[in-house]
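Understanding the architecture of this molecule
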Amino acid sequence: MHVETGVLEMPAYAKINITLDVLGLRSDGYHDVEMIMQSVDLHDIVRVQRRKDDAIVLHSDTPGVPLDERNLMVRAASLLRREAGGESGVDLTLGKRIPIAAGLAGGSADAAATLHLLNRLWSLEWPLSRLMDLGARLGSDVPFCLQGGTALASGRGERIEAVQSLAGLTVLLVKPPFGVSTPEIYKGFDRLENKPLRQASRRLLERQSQDGLFALFHNDLQEVTAGLYPEVGELIERIAGMGGRGVMTGSGPTVMGLFTDSAEMQRARELFARQYPETYVVRTI
Ligand code: ATP
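Rules used in this analysis
- Residues numbered from 1 in each chain as written.
- Predicted model: local features only at pLDDT ≥ 70, side-chain atom pairs only at ≥ 80, totals over all residues.
- Heavy atoms only, no water.
- Domains from an automatic or database assignment.
- Contact = heavy atoms within 4.5 Å.
- Buried area = accessible area lost by both parts, 1.4 Å probe.
- Salt bridge = Lys/Arg side-chain N within 4 Å of Asp/Glu carboxyl O.
- Polar contact = N/O pair within 3.5 Å; in protein donor to acceptor, adjacent residues only side chain to side chain.
- Helix = DSSP H or I, 4+ residues; strand = E, 2+ residues; numbered from the N terminus.
- Expected span 1.5 Å × (residues − 1).
- Buried < 20%, exposed > 50% of the residue type's maximum accessible area, 1.4 Å probe, protein only.
- Arc of directions from axis to C-beta.
- Near = heavy atom within 4 Å.
- Areas by Shrake-Rupley, 256 points an atom, 1.4 Å probe, with all protein chains shown as cover.
- 1 Å grid on protein atoms, 1.4 Å probe; cavity = no way out; pocket = protein on both sides within 12 Å on 5 of 7 lines; lining within 4 Å.
- Sits in = over half its atoms within 2 Å of the grid points.
- Nonpolar A, V, L, I, M, F, W, Y, C, P; charged D, E, K, R; others polar.
- Pairing = 2+ DSSP bridges.
- Axes fitted to C-alpha atoms, helices over the stretch in contact; angles between N-to-C directions.

What about the domain arrangement of the chain?
When its domains are assigned, the chain resolves into domain 1 (7-162) and domain 2 (170-283). Each of domain 1 and domain 2 was reduced to a C-alpha centroid, and the two centroids are 23 Å apart. Contacts between the two partners involve 26 residues from domain 1, matched on the other side by 32 residues from domain 2. When the two sides are added together, the surface that domain 1 and domain 2 hide from each other amounts to roughly 2300 Å², 60% of it contributed by carbon and sulfur. Our count for the domain 1 to domain 2 interface comes out at 1 salt bridge. One salt bridge in this structure joins Arg202 and Glu34, with 2.6 Å as the shortest N-O distance. The interface formed by domain 1 and domain 2 holds 17 residue pairs in polar contact (both at pLDDT 80 or more) in total.

Describing helix H9 (residues 262-275)
When the terminal C-alpha atoms of H9 are compared, their 20 Å separation across 14 residues agrees well with the 20 Å that a helix rising 1.5 Å per residue should span. Of the positions making up H9, those classed as buried are Met265, Ala268 and Phe272. Viewed along the axis of H9, the buried residues span an arc of 65°, placing them on a single side of the element. Facing away from the buried side of H9 by over 90 degrees, the exposed positions are Arg267 and Arg274. Considering only its buried residues, H9 is in contact with strand S8 (170-174), helix H8 (230-241), strand S11 (255-258) and strand S12 (279-283). Its side-chain oxygen 2.9 Å from the backbone nitrogen of Ala263, Asp261 forms the N-cap of H9.

Considerations on the site of the ligand
Around the ligand there are 18 residues in total, and Ala101, Ala105, Gly107, Asp110 and Asp141 lie nearest to it. Asn71 is positioned such that a nitrogen or oxygen atom in its side chain is 3.0 Å from a nitrogen atom of the ligand. Against a free-state accessible area of 610 Å², the protein chains account for coverage of 78% of the ligand. When atoms are counted within 2 Å of each cavity's grid points, the one that captures over half of the ligand is the largest pocket. Here the shell around the ligand takes 3 residues from helix H2 (residues 106-121), the largest share from any one element. For the shell around the ligand, the residue count by class is 8 nonpolar, 5 polar and 5 charged.

Overview of H8
Taking 1.5 Å of rise per residue, 12 residues should cover 16 Å, and H8 covers 17 Å from first to last C-alpha, within 8% of that figure. Burial in H8 covers these residues: Val232, Gly233, Leu235, Ile236 and Ile239. Projection of H8 onto a plane perpendicular to its axis shows the buried side chains occupying an angular sector of 155°, all on one side. For H8, the exposed residues lying more than 90 degrees away from the buried face are Glu237 and Gly241.

Looking at the sheet that holds strand S10 (residues 245-248)
Sheet strands line up and pair through hydrogen bonds in the backbone, either parallel or antiparallel. Ordered by their spatial adjacency, 4 strands build an open sheet running S10-S11-S8-S12, and the pairing between neighbours is antiparallel. The open sheet has two free edges, formed respectively by S10 and S12, since each of these has just one partner strand. Averaged over all pairs of adjacent strands, the angle between strand axes in this sheet comes to 30°, irrespective of strand direction. Running at roughly 5° to S11, H8 makes contact with S8, S10 and S11 of the sheet.

Written out as structure tokens, the structure is:
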């Protein structure tokens, strides 16, 4: 975090799903899940700055980013201020680099960074656990984004437990040129006749070594998203044809390319980058 007079900023890291198991539909409409979540070094930049009035104003010049209450950063600032009993206004600035509606939890990461920064700017000194309880009210991925690293997420995704770090992996990310609505994908999952019960998260946690780690990546929603958006399935097949393993992250449409051979990954990156401007090589952190 970087401090000037009344200005604080920090990176807001994207996440990938190493695993995503859907355990079932709950009576409140959410799904019980188990996911191994992992931060990656692809990030937005979030900045907060004191204002003289009591307004909460978001600035961003990226097309497709809502600047009003629909933005999770604005909601995070309003909620924290209300719960903390404050009245201060704040300018929020978002430098967007994480693809939007991509399965990379960009909005949740921005909200988490906003909470961390305002906790400091307003000298609240809330512990992480309290910020995470508040974050869960903004979105299921916000508590993970507040903590970061490698974690098992359960419940509707908001219960976070740190697990053995998977930092240091290199992953190719390819985002097709459309967004996906998470509720739409979960509805599609509910309609599946034969629901998978793979317990991929458990198997990953019980692994004896890092050998064959990429084979343990799994996403229960992949079949649904690929069914609705064939380009996702095609991407996964093309990655396999290039010597890697393709697995979707979140509810998609971003596909991760997992390669044990870095030259093969570079070739895949160059090829995909010509067709998909939102192609990245990221490191897990
Ligand atoms: P998840 O992986 O949690 O499903 P995502 O990466 O698919 O998240 P986001 O990029 O967080 O999706 O954004 C989904 C929608 O939320 C966007 O279409 C946008 O309208 C809205 N949104 C709210 N806050 C933000 C934000 N800070 N940045 C980008 N989009 C935001």
